[in-house]
Every structure is written in C-alpha cells, then in structure tokens.
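# Breakdown of the fold
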Amino acid sequence: MADNRQFKKRYILMALILVILAGGTLLLPEKYVSEELSPENLLKEINDNTRYIYPDDIAHLIISKDPNFLLIDVRDSASYQEFKLPGAINIPLKNLLDKDDAGDYKWEGFLNQDTRKNIFYSNGTVYSHQAWMLTKRLNYENNYVMKGGLNKWIETIIQVRRPEFDASEQELATYTFRKAASMFFGGGGTAASDDPVNIPAFTGKKKEKEVQEGC
Amino acid sequence: MGPLFTAADEWSYVIALVLGIAFGYILESAGFSSSRKLAGVFYGYDFVVLRVFFTAAITAAIGLFYFDYLGWLNFSEIYVNKLYVGSAIVGGMIMGLGFIIGGFCPGTSACAAAIGKVDAMIFIGGVVIGAIIFDAGYPLWGEFYESGGKGSATLYEDLGISRELLLFGFILFALFAFWATALIQKKVSNKTHKY
C-alpha cells in the first residue's frame, strides 16, 4: 500500500513537471526567426553554377519572345539609358533593397515570384552577382545571372568571330546562330532599340512565404 | 549545435544501426514483444503501450521545442512527413486491423521475431506479402493514395493556433488519457477477476 502511494506520488510529480514545462512554452518571449537563408546554405548556393544563363540562351529567349523570363539591368540609370538589352527593366543595384511607404521591399513583387526567371546583368558580373546574392540571402527564388555580363554579350552575340576552318559542326551551328542573332540585335554593339522600355506591370502571384516550421 | 550527424555523413548507417539496436533492446525489455501486452490496449486490460508511446511523444515534443528555442537544433530542418488525408485514414484502419489480428505492429514484430517468436515471424511474412500486393496493385489505388495531399501539414497550422498552445493542450490531453486509461484498466481487471 505504501509502495502504491509512493508510486502515485511519483506519477503526480512527473505530471506536474510536464505541465510546468509545457506551460513555460506559453510564457517564453517569442523567438526571432530569420527568414533569410543561412550562411551554410548560401555557401552551397554560391558553389552551385546553375544560376548562370549564357548569352546565347538569352539571345534565343529574346528572339523567340519567350514570356517566361525577365531581364533586369542592375547598372545605374545612365548606363541603362545608353545601352540596354531588349525588354530589360532597370533596377540599379543601389536601389534593389529600397522600401516602399509600407516598409516592404519595393521590388519584391518582381524579385520574389515563381512565374518566370529573372536574369540579372551588368557590364561584367560583379554587380549582377551582388544582386543575385542579395536576393538569395532574402530567400527569393528564380533569380539568375547572365554569364559574363554585357561584355560577353558584345563579344559573343554582337561581334561574332568566324570559327577556324577545322571547327566542329556544333561550333559552326553556334556561329550561324550568333550571326543571325547579331543581325537581329543590330550588330556592331548598338542597342537594338532606343525606344524607352516600359517596365511590365507585375501580374504574377507573389511567391507565398514558406511555412515557417520554427517558432 | 545540431545536427550531430546528417544523412550524408558516412557514419549515419552506423549511428542508425546503434540506435536501432538500442531501440529494439528497450522495446523488448519493456515487454513490447508480447502480443498480449499490445492487444491489451484494444481489450482494455493493459494500457502500458499507450502510456509509453504517449510519454515518448510528449517528452520528444517538449524536448524539441526547448532545443529549438535554445538554438541547439533547427526545427525547420526536421523532415515532416507528407499528409494524404484519405490514404492516412484508410491506411490507419488497415494498420489497426492488422495490429489487433496479429498482435504486433511492424516494429514490435521485428523485435519479437528477433527473440525467436514464430507468430512474429509469420506476421513479418504477412507484412512483406501486404507490401508486395500494395506495390503490384498500385495502378488500381495509386490515384486514391495520392489524393487529398496536404504537404508537410502540422496540426497547429491546420487549427490556426500557436505551436506552444497545441503542445500545452496535447500534454493535458495525454495526462487525461493516462488517468482515464488507468480507470478503464482497473474496471476491466476487476471484472476479469470476478469470472
């Protein structure tokens, strides 16, 4: 009988500890959970080269009027006015994290969505990479970088070099495509069009935030 | 702090083996290889299985919460099984039926087979045959199996309450279940003694 009472006491004590521990969770101050990508995962993303899109592929996307991509020029406005790729919008790197009156990121609608690929470009790849890194850190998906930037664009698409005589069939096919693309884009390093580029209104659905498993 | 090991770690299989042996040993030591004990839950004369699993669940839940809060593990990286409502209900019923008929669940059957129980070995044979039938007949029930997918759903999100509140409620419910099952067990045991 005494044993039974001891047993019961132990049960009650354990039950009380459980209730106190569970009750404690209700009283704890809310823990701040960062929505940003962890440094470890960012490093993984940096080492993953799938973020690159080559100028040839971009030329193909522009020519075929593919609606599933958007070129984003991250250079300053003056450079953008001087030369831009057809259909590109301009979000200067220094304005990428601008906030609106409500305190939200102004460009989030464009940068955090799952309806199309955003391709950043600058003259080289420094600015476009910085833009990509910022969006990645914010956990935005579907942002890519134009490999080699505009320098590579000019070199491969605009100023097309004739392949050697012993070039393979694939090299010849690439040359033919580039030559045609060069004609399409005006060749000689000029902009395809000086018409002002209208920033397309964002009609897609803003990517919903992932369900936060953390508290 | 965590994870101490990841799935990609070359030691993960060794860790899994050690954990599996420890789990099996404790399961056997606690008497879970006895189908009488397991069937006792359905007949109301022994609720130790329910108490042990419920205790494990609430201890793990509280532990996970505090570990996450203190930054020792990242709760968001814990894999949550995907929920398919229809197949979860039907599968649960089939599993329950198998449990009551065979007197084992898949884990305890392996445990009982390891100590040489023939009924558990036959039970495992049944599990394998069932898996083969499920696989072979997948085109027939595959559509139903994948219907009503809710992703990695959690109860607190579906109920629209905080995780802390659900945890608190769950623990109160567990304690109530312990008390209620103790009463049922007492009643059933007294009845058994009469006859």
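Small disclaimer: the values here were computed from a predicted structure and weren't measured.

## A short note on the overall build of chain A
A count of helices and strands for chain A gives eight helices and five strands. Mapped in sequence order, the helices and strands of chain A form the string α-α-β-α-β-α-β-α-β-α-β-α-α. A total of 215 residues make up chain A; the buried ones form 35% of that total. In chain A, once contacts between residues fewer than 6 apart in sequence are set aside, the share between residues at least 24 apart is 70%. For chain A, the accessible surface area stands at approximately 13600 Å², while carbon and sulfur atoms represent 54% of it.

## Details of the nonpolar core
All names here are of chain A. In terms of nonpolar packing, the biggest core is built from 20 residues, with Ile58, Leu71, Leu85, Ile119, Trp153 and Phe185 touching the most fellow members. Those elements that place two or more of their residues in this core are α3 (55-63), β2 (69-73), β4 (117-121), β5 (143-146) and α7 (149-158). Trp107, Leu111, Ala131 and Leu138 belong to the second-largest nonpolar core, a separate cluster that totals 17 residues.

## Quick look at the interface of chain B and chain A
Each side of the interface is counted separately: chain B has 23 residues, and chain A has 19 residues. Of the roughly 1800 Å² buried where chain B meets chain A, counting both sides, 68% is carbon and sulfur surface. Considering only the surface of chain B that becomes buried against chain A, B:Tyr66, B:Tyr69 and B:Phe168 emerge as the three largest contributors, covering 31% of it. Between chain B and chain A we count zero salt bridges in total. On the surface where chain B and chain A come into contact, there are two residue pairs in polar contact (both at pLDDT 80 or more). With eight residues, helix α9 (residues 163-194) of chain B is the single largest residue contributor to the side of chain B that touches chain A. Among the residues making up the side of chain B that touches chain A, the classes are represented as 14 nonpolar, three polar and six charged.

## Some remarks on the packing of aromatic side chains
Summed over all chains, the structure comprises 18 aromatic pairs over all chains. With a centroid separation of 6.1 Å and an interplanar angle of 85°, the aromatic rings of B:Phe54 and B:Phe178 are classed as edge-to-face. Here B:Phe54 is found in helix α3 (residues 48-69), whereas its partner B:Phe178 is found in helix α9, with 124 residues between them in sequence. Looking at B:Phe178, the relative accessible area reads 14%, which means it is buried. Connected via pairs of aromatic rings, a cluster forms that spans B:Tyr84, B:Phe134, B:Tyr138, B:Trp141 and B:Tyr145. When the ring centre of A:Trp132 is taken as origin, the NZ or CZ atom of A:Arg51, which lies over that ring, is 4.4 Å away. The residue whose ring lies beneath A:Lys117 is A:Tyr144, and the NZ or CZ to ring-centre distance is 5.0 Å.

## Considering the sheet that holds strand β3 (residues 89-90) of chain A
Residue and element names in this part refer to chain A. Taken in spatial order, the five strands make up an open sheet running β1-β5-β4-β2-β3, and their pairing is parallel. Of all strands in the sheet, those with a lone pairing partner are β1 (52-53) and β3, marking the two edges. When β4 meets β5, the two strands line up parallel, connected through three bridges. The residue bridging phenylalanine 120 from the neighbouring strand is valine 145, located in β5.

## A few points about the packing of α7(A) against helix α8 (residues 169-184) of chain A
All names here are of chain A. Following both chains from N to C, one finds α7 and α8 inclined at 110°, their axes separated by 8 Å at the closest point. In terms of axis orientation, α7 runs roughly perpendicular to α8. Facing α7, whose interface residues are Thr156, Ile157 and Ile158, α8 presents Arg178, Ala181 and Ser182.

## Remarks on a nonpolar patch on the surface
Residues and elements named next belong to chain B. On the surface, Val85, Ile89, Val90, Met93, Ile94, Ile129, Ile133, Phe134, Leu140, Trp141, Phe144 and Tyr145 cluster together into a nonpolar patch covering about 1200 Å² of accessible area. When residues of the nonpolar patch are traced back to their parent elements, those giving at least two are α4 (85-102), α6 (118-136) and α7 (138-145). Looking at the nonpolar patch, the element that brings in the most residues is α4, giving five residues. Here isoleucine 133 is to be found in helix α6.

## Things to note about the confidence of the model for chain B
The predicted model of chain B has a mean per-residue pLDDT of 86, with 94% of residues at 70 or higher. Predicted as a complex, the structure gets a pTM of 0.56 and an ipTM equal to 0.72.

What counts and what doesn't
- Residues numbered from 1 in each chain as written.
- Chains lettered and ligands numbered in written order.
- Predicted model: local features only at pLDDT ≥ 70, side-chain atom pairs only at ≥ 80, totals over all residues.
- Heavy atoms only, no water.
- Helix = DSSP H or I, 4+ residues; strand = E, 2+ residues; numbered from the N terminus.
- Buried < 20%, exposed > 50% of the residue type's maximum accessible area, 1.4 Å probe, protein only.
- Contact = heavy atoms within 4.5 Å.
- Areas by Shrake-Rupley, 256 points an atom, 1.4 Å probe, with all protein chains shown as cover.
- Core = buried A, V, L, I, M, F, W, Y, C linked by side-chain atoms within 4.5 Å.
- Buried area = accessible area lost by both parts, 1.4 Å probe.
- Salt bridge = Lys/Arg side-chain N within 4 Å of Asp/Glu carboxyl O.
- Polar contact = N/O pair within 3.5 Å; in protein donor to acceptor, adjacent residues only side chain to side chain.
- Nonpolar A, V, L, I, M, F, W, Y, C, P; charged D, E, K, R; others polar.
- Phe/Tyr/Trp six-rings, centres within 6.5 Å; stacked < 30°, edge-to-face > 60°.
- Lys NZ or Arg CZ within 6 Å of the ring centre and 35° of its normal.
- Pairing = 2+ DSSP bridges.
- Axes fitted to C-alpha atoms, helices over the stretch in contact; angles between N-to-C directions.
- Parallel < 35°, antiparallel > 145°, perpendicular 65-115°, else oblique.
- Patch = residues over 30% accessible without salt bridge, like charges linked within 9 Å, V, L, I, M, F, W, Y side chains within 5 Å.
- pLDDT = per-residue confidence, 0-100.

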